[in-house]
Amino acid sequence: VALKRMLNFNVPHVKNSTGEPVWKVLIYDRFGQDIISPLLSVKELRDMGITLHLLLHSDRDAIPDVPAIYFVMPTEENIDRMCQDLRNQLYESYYLNFISAISRSKLEDIANAAIGANAVTQVAKVFDQYLNFITLEDDMFVLCNQNKELVSYRAINRPDITDTEMETIMDTIVDSLFCFFVTLGAIPIIRCPRGTAAEMVAVKLDKKLRENLRDARNSLFTGDTLGAGQFSFQRPLLVLVDRNIDLATPLHHTWTYQALVHDVLDFHLNRVNLEESTGMESSPAGARPKKKLKKSYDLTASDKFWQKHKGSPFPEVAESVQQELESYRAQEDEVKRLKSIMGIEGEDEGAISMLSDNTAKLTSAVSSLPELLEKKRLIDLHTNVATAVLEHIKSRKLDVYFEYEEKIMSKSTLDKSLLDVISDPDAGTPEDKMRLFLIYYISSAQAPSETDLEQYKKALTDAGCNLAPLSYIKQWKAFTKMASAPTSYGNTTAKPLGLFSLVMNTGSQFVMEGVKNLVLKQQNLPVTRILDNLMEMKSNPETDDYRYFDPKMLRGSDSSVPRNKNPFQEAIVFVVGGGNYIEYQNLIDYIKGKQGKHVLYGCSELFNATQFIKQVGTSAVF
């Protein structure tokens, strides 16, 4: 909503207004691009009158008779370039929107350039948009993408980090969270664990919200904010947690569709990139191997199949794709059949619509063609994506890993020794084995003895694993052991359901032999459990000493005692140090069971296990 308002020259966007939109160009930097691209498609931009969208630092031609909307970060180089645009008189008028608040001195630089270029009248508006965060789903956001290594898990947990560096990281995170709440139009009540990076974020965010509220004339939380209608009268709860409370989940192999796509494919800002092999035709000896085609697909809110199944276990997804395909084929045959009965196979649609009303049946078939074609596009898309995922599951035995890790995390009995899995040459990549071992190491109440550890290390090394992540996890475990008991992951396990009924039919697109049909039982991960305690006001040793901040209170206090004893209706969980789709899905599943409650998930960056292992492997102190 905020973006559409901005693209409409900062006037609320009315859906059904007649007449053409005002044609305009949109100029953004990489930050702006990342914020807009998951939310608005090129078509939607066009519908809003954006004819051209260009990067600020590309070579742009002058288009003297159109207005230009800028959406950029207020950095030195961006501002220099904007001043240059003014001097070169590129556009008719300039609407300058800053993603994050611009400083007074930089604003003066622009003013001076405008005076110098004699363009003061053309700078129509200058806005601070407070949109410095990326929304990936209606209930999920991530802070930044461009320089995410600056706020990464590794950056926060580096052993040699200086205080000033830490301050900078915290300020970056707080700036984005502040933008998030300005956009929501709500002042949260903040809870966080003591002695973590999350606490530093909480203290700074509380201070920033407080200062903004005190300055009544310029407060961003009064009057016609967008979010005024979004939330009920109750204020939302913001739970800040630190990644270090649970390092097992980011390494966990997963079984739900969206999390699997993120784990095994290249999935980034809602777009998945696939390499498609062009079939196995035998090429003549000595011929160059065929080039792999790269295709990318957007998995968006308008994709109904994705919305319905992104949280489903993979076997269910395969089955649903198959069903969709069959129902589509039935409809397709129906259209062909009707056309042929009337002897108009070759005729164009226009001719069909002229026939009298005994053809109402056919007309409805024809009018549903665009819908059918869209359905076909989605079926093809998910067939390709699911097939790519399935190849990984089968070649790496991911179902075995998932089931085994679930057992470890829920302390059930293991049917096969960990050493066997690690040394099985057919099961998984070296990284899969490392992830499994780290989860075992993190979850075990008693660390394995030195002799056992040496044995595991040897097996891991023989399997080709890089042991760097282990030394970091070892230090981390020694450190947290003093701080708290190991996290428990509930005591439920995935149950195999026997083989697939539908998918086992020979006509299916997906060959699922040998893949276990595992169903998930809802079990709360640590982050979800913490949210449950705080949202429902349950007393629990895990969360009882969480700090409590209310930026609306006149004085801050160092208390853990909530003023408000009522359960919350809305909550935002934010993970400092990075999050993943497994946790997101777990929260969504949890809240489904709570009527009328909402939860949003945010994190400083979104990583999959591969990216996380890299960070952990490079944070170790040797």
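Residues numbered from 1 in each chain as written. Predicted model: local features only at pLDDT ≥ 70, side-chain atom pairs only at ≥ 80, totals over all residues. Heavy atoms only, no water.

All right, on to the overall build of the chain then. Regarding its fold elements, the chain presents 22 helices and 17 strands. The buried share of the chain, taken over its 622 residues, is 50%. Across the chain, contacts joining residues at least 24 apart in sequence account for 78% of those joining residues at least 6 apart. Here the chain has roughly 29,900 Å² of accessible surface; of this, 53% comes from carbon and sulfur atoms. (Helix = DSSP H or I, 4+ residues; strand = E, 2+ residues; numbered from the N terminus. Buried < 20%, exposed > 50% of the residue type's maximum accessible area, 1.4 Å probe, protein only. Contact = heavy atoms within 4.5 Å. Areas by Shrake-Rupley, 256 points an atom, 1.4 Å probe, with all protein chains shown as cover.)

What follows deals with the nonpolar core. Leu26, Phe71, Tyr257, Leu265, Val272, Val385 and Leu531 are the most contacted members of the largest nonpolar core, which totals 79 residues. The contact partners of Leu26, leaving out residues within four places of it in the chain, are Leu7, Ile36, Leu45, Ile50, Leu52, His53, Leu54, Ile69 and Phe71. Judged by nonpolar contacts, the second largest core, of 38 residues, contains Leu143, Val174, Phe178 and Val201. (Core = buried A, V, L, I, M, F, W, Y, C linked by side-chain atoms within 4.5 Å.)

Closest axis-to-axis distance for the helix H4 (residues 76–87)/helix H5 (residues 104–116) pair is 9 Å, and the angle between their directions is 15°. As summarised for this structure, H4 and H5 are arranged roughly parallel, according to the angle between their axes. For the element pair H4 and H5, the recorded crossing hand is right-handed. On the side of H4, the interface is formed by Glu76, Ile79, Cys83, Leu86 and Arg87, while H5 contributes Lys106, Asp109, Ile110, Ala113 and Ala114. When grouped by side-chain class, the residues that make up the contact of H4 with H5 number six nonpolar, no polar and four charged. (Axes fitted to C-alpha atoms, helices over the stretch in contact; angles between N-to-C directions. Parallel < 35°, antiparallel > 145°, perpendicular 65-115°, else oblique. Left-handed = near helix turned anticlockwise from the far one by under 90°. Nonpolar A, V, L, I, M, F, W, Y, C, P; charged D, E, K, R; others polar.)

A separate point is the sheet that holds strand S10 (residues 266–268). Taken in spatial order, the three strands of this open sheet run S10-S11-S12, and their pairing is antiparallel. Two strands lie at the open edges of the sheet, namely S10 and strand S12 (293–298), each paired on one side alone. Taking each pair of neighbouring strands and ignoring which way they run, the sheet shows an average axis angle of 20°. Where S10 and strand S11 (residues 271–276) come together, three bridges link them in antiparallel fashion. Its bridge partner lying in S11, Asp266 is registered against Asn273. This element, helix H14 (residues 369–396), spans S11 and S12 of the sheet and lies at about 70° to S11. (Pairing = 2+ DSSP bridges.)

Before going further, it helps to spend a moment on the sheet that holds strand S2 (residues 50–55). In sheet architecture, strand pairing relies on hydrogen bonds along the backbone and comes in two forms, parallel and antiparallel. Judged by pairing direction, the sheet is parallel, and its five strands sit side by side in the order S2-S1-S3-S4-S5 without closing on themselves. The open sheet terminates on both sides in strands that have one partner only, identified here as S2 and strand S5 (123–128). Looking at each pair of strands side by side, their axes are set apart by 20° on average, direction ignored. Here four bridges tie strand S1 (residues 24–28) to strand S3 (residues 63–72), and the two strands are oriented parallel to one another. Across the sheet, residue Leu26 finds its bridge partner in S3, namely Ile69.

In this section: a negative patch on the surface. A contiguous patch of negative charge on the surface is contributed by Glu76, Glu77, Asp80 and Asp109. Sort the elements by how many residues they give to the negative patch and H4 lands first, with three residues. Tracing the backbone shows Asp80 in helix H4. (Patch = residues over 30% accessible without salt bridge, like charges linked within 9 Å, V, L, I, M, F, W, Y side chains within 5 Å. Salt bridge = Lys/Arg side-chain N within 4 Å of Asp/Glu carboxyl O. Lys, Arg positive; Asp, Glu negative; His and termini not counted. Charge placed at Lys NZ, Arg CZ, Asp CG, Glu CD.)

Turning to the packing of aromatic side chains, a few remarks are in order. One pass over the full model with this rule turns up 24 aromatic pairs. Ring pairs connect the aromatic residues Tyr257, Phe267, Trp306, Phe314, Tyr581, Tyr584 and Tyr601, which therefore count as one cluster. The ring centre of Tyr441 lies 5.9 Å from the NZ or CZ of Lys477, which sits over that ring. (Phe/Tyr/Trp six-rings, centres within 6.5 Å; stacked < 30°, edge-to-face > 60°. Lys NZ or Arg CZ within 6 Å of the ring centre and 35° of its normal.)

Taking 1.5 Å of rise per residue, the 12 residues of helix H21 (residues 581–592) would be expected to cover 16 Å, and the 16 Å separating its terminal C-alpha atoms lies within 8% of that figure. Judged by how many residues are buried, H21 sits mostly within the fold: 10 of 12 residues are covered. Those residues of H21 that sit buried are Tyr581, Ile582, Glu583, Tyr584, Gln585, Asn586, Leu587, Ile588, Tyr590 and Ile591. Where H21 begins, the side chain of Asn580 points an oxygen toward the backbone nitrogen of Ile582, at a separation of 3.1 Å. (Expected span 1.5 Å × (residues − 1). Polar contact = N/O pair within 3.5 Å; in protein donor to acceptor, adjacent residues only side chain to side chain.)

Right, let's get into the confidence of the model for the chain. Per-residue pLDDT for the chain has a mean of 84; in total, 81% of the residues score no lower than 70. This model gives residues 224–232 a pLDDT under 50, and the stretch forms 15 contacts once residues within four places in sequence are excluded. A low-confidence stretch, residues 482–486 stays under pLDDT 50, and its non-local contacts, those more than four residues away or across chains, total one contact. (pLDDT = per-residue confidence, 0-100.)

Summarising burial for helix H9 (residues 257–264): eight of the eight residues are buried, a large majority. Of the residues making up H9, those classed as buried are Tyr257, Gln258, Ala259, Leu260, Val261, His262, Asp263 and Val264.

Before going further, it helps to spend a moment on the pattern of salt bridges. In this structure the tally under the stated criterion is 28 salt bridges. A salt bridge links Lys310 to Glu137; the nearest nitrogen and oxygen atoms lie 2.5 Å apart. In this pair, Lys310 is assigned in the loop between helix H10 (304–309) and helix H11 (314–341) and Glu137 in strand S6 (residues 134–137), connecting sequence segments 173 residues apart. For the pair Lys310 and Glu137, one class covers both residues: buried. The partner of Arg235 in a salt bridge is Asp550, with the nearest N and O atoms 2.7 Å apart. Note that Arg235 is positioned in the loop between helix H8 (197–214) and strand S9 (237–242) and Asp550 in the loop between strand S15 (547–549) and strand S16 (570–576), a separation of 315 residues in sequence. With a relative accessible area of 10%, Asp550 lands in the buried category. Members of the salt-bridge network, linked through shared partners, are Asp263, Arg396, Asp432 and Arg435.

Turning our eyes to something else, we now look at the side chain of Thr254. You can see Thr254 is positioned in the loop between S9 and H9. Only 3.3 Å separates the side chain of Thr254 from the backbone nitrogen of Thr256, close enough to count as a polar contact. With sequence-adjacent residues up to four places away left out, Thr254 is seen in contact with Ala259, Leu260, Asp263, Phe402 and Ile582.

This paragraph deals with the environment of Asp138. Looking at the secondary structure, you find Asp138 in the loop between S6 and strand S7 (140–142). The spacing of Asp138 and Tyr601 is 463 residues in sequence and 9.7 Å in space, taken between C-alpha atoms.

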